[in-house]
Amino acid sequence: KKIKPNKTSKNISKDVVPLITPPNDDSPVLRVQIGAFNRRMKKSVFNGMPNVVGIKGDDGLYRFYSGSFTDKFKAAQHKVDLTLSGYNDAFIVAFQKGKRISLKEAGFDVKKNFTENLEEFMIKNDIELGLSHIQQSIRLLKEKIVIWQK
């Protein structure tokens, strides 16, 4: 007996954020994490934000990301854009060869005493990633403010 697909589940699959496997590139791939939940989320939760994808972790949590970058400054700009859009807890994560890697391994300048817990599902938004990164974020914020004032 052939089983027909359930129309409701077919509609739900179009409405939920697609799941991907971590990027398997040799070079680091940067994404901005915008949330972590114990279930898949509908696209509407992210207010129509384009290019949102999810990855299910070994711990069972679904982590959701926006954007995909190889340039750390473009990733930082996207993170600032998301912060200005109300995603205050957004932060940059890096993947390489299918695994999550530290931001230092991805080429970010980090302070000597900075340690990144890759197992933790949320990292504080106020992590000190080094002066050059902070200066870049401030410059990008200033550019946004100038644009808004024009």
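What you see is a predicted model, and the numbers here were worked out from it, not measured in a lab.

Q: Honestly, the pattern of salt bridges in this entry has me stumped. Any pointers?
A: The tally for this structure, following the rule as stated, stands at 1 salt bridge. A salt bridge links aspartate 59 to arginine 63; the shortest N-O distance between them is 2.7 Å. The buried category is assigned to arginine 63, whose relative accessible area is 9%.

Q: I tried to follow the pairing of strand β4 (residues 91-96) on my own but got confused; where do I start?
A: Each regular strand displays side chains that alternate between the two surfaces of the sheet. Taking burial as the measure, the 6 residues of β4 include 5 buried ones, the bulk of the element. As defined by bridge partners, strand β1 (residues 29-37) adjoins β4 across 5 bridges and the pair is classed as antiparallel. Bridge pairing in β4 links arginine 31 to valine 93. The pairing of β4 with strand β5 (residues 99-101) spans 3 bridges and is classified as antiparallel.

Q: Is there a simple way to explain the nonpolar core in this structure?
A: General note: in soluble globular proteins, nonpolar side chains tend to be found buried as a group. Among the nonpolar cores identified, the biggest contains 24 residues, and Leu30, Ile34, Phe46, Phe64 and Ile92 are the most heavily contacted of them. Those elements giving two or more residues to this core turn out to be β1, β3 (62-69), α2 (72-84) and β4. With 6 residues, the next largest nonpolar core counts Val53, Ile55, Tyr65 and Val93 among its residues.

Q: Hey, could you run me through α2 in this one?
A: Every α-helical turn comprises 3.6 residues, leaving residues that sit three or four positions apart pointing alike. Spanning 13 residues, α2 covers 18 Å between terminal C-alpha atoms, matching the ideal 18 Å at 1.5 Å per step. Among the residues of α2, those classed as buried are Ala75, Ala76, His78, Lys79, Val80 and Leu82. With a side-chain oxygen positioned 2.7 Å from the backbone nitrogen of phenylalanine 73, the residue opening α2 is aspartate 71. After α2 finishes, the residue glycine 86 shows a positive phi value of roughly 110°.

Q: Explanation requested: the confidence of the model for the protein chain in the structure shown.
A: Detailed reading of predicted coordinates is not advised where the pLDDT is low. The predicted model of the protein chain averages 77 in pLDDT, with 68% of residues at 70 or higher. Least confident of the elements in the protein chain is helix α3 (residues 131-149), whose mean pLDDT is 50; most confident is β3, at 96. A low-confidence stretch, residues 146-150 (pLDDT under 50), is modelled with 1 contact involving residues beyond four sequence positions or located in other chains.

Q: Looking at this structure, I do not really get the pairing of β3. What am I missing?
A: Most of β3 is tucked away, with 7 of its 8 residues classed as buried. Where β1 meets β3, 6 bridges bridge the pair, whose relative direction is antiparallel. Within β3, the residue paired with phenylalanine 37 across the bridge is tyrosine 62. In the sheet, strand β2 (residues 52-56) pairs with β3 via 5 bridges, with the strands oriented antiparallel. Looking at the pairing, isoleucine 55 lines up with arginine 63 of β3.

Q: Please clarify how the packing of aromatic side chains should be interpreted in this entry.
A: Taken as a whole and assessed by the stated rule, the structure comprises 3 aromatic pairs. Their ring planes at 50° and their centres at 5.9 Å tell us that phenylalanine 37 and phenylalanine 64 sit as a pair that is tilted. Here phenylalanine 37, found in strand β1, pairs with phenylalanine 64, found in strand β3; they are 27 residues apart in sequence, far enough to count as distant. Of the residues examined, phenylalanine 37 reaches a relative accessible area of 28% and is grouped as partly exposed. Between tyrosine 65 and phenylalanine 95 the ring centres are 5.6 Å apart and the planes differ by 85°, which places this aromatic pair in the edge-to-face class. Here tyrosine 65 is found in strand β3, whereas its partner phenylalanine 95 is found in strand β4, with 30 residues between them in sequence. Taken together, Phe37, Phe46 and Phe64 form an aromatic cluster joined through their ring pairs. One Lys or Arg, lysine 72, reaches over the ring of phenylalanine 108 and ends 5.8 Å from the middle of that ring.

Thresholds, definitions, all that
- Residues numbered from 1 in each chain as written.
- Predicted model: local features only at pLDDT ≥ 70, side-chain atom pairs only at ≥ 80, totals over all residues.
- Heavy atoms only, no water.
- Salt bridge = Lys/Arg side-chain N within 4 Å of Asp/Glu carboxyl O.
- Buried < 20%, exposed > 50% of the residue type's maximum accessible area, 1.4 Å probe, protein only.
- Helix = DSSP H or I, 4+ residues; strand = E, 2+ residues; numbered from the N terminus.
- Pairing = 2+ DSSP bridges.
- Core = buried A, V, L, I, M, F, W, Y, C linked by side-chain atoms within 4.5 Å.
- Expected span 1.5 Å × (residues − 1).
- Polar contact = N/O pair within 3.5 Å; in protein donor to acceptor, adjacent residues only side chain to side chain.
- pLDDT = per-residue confidence, 0-100.
- Contact = heavy atoms within 4.5 Å.
- Phe/Tyr/Trp six-rings, centres within 6.5 Å; stacked < 30°, edge-to-face > 60°.
- Lys NZ or Arg CZ within 6 Å of the ring centre and 35° of its normal.

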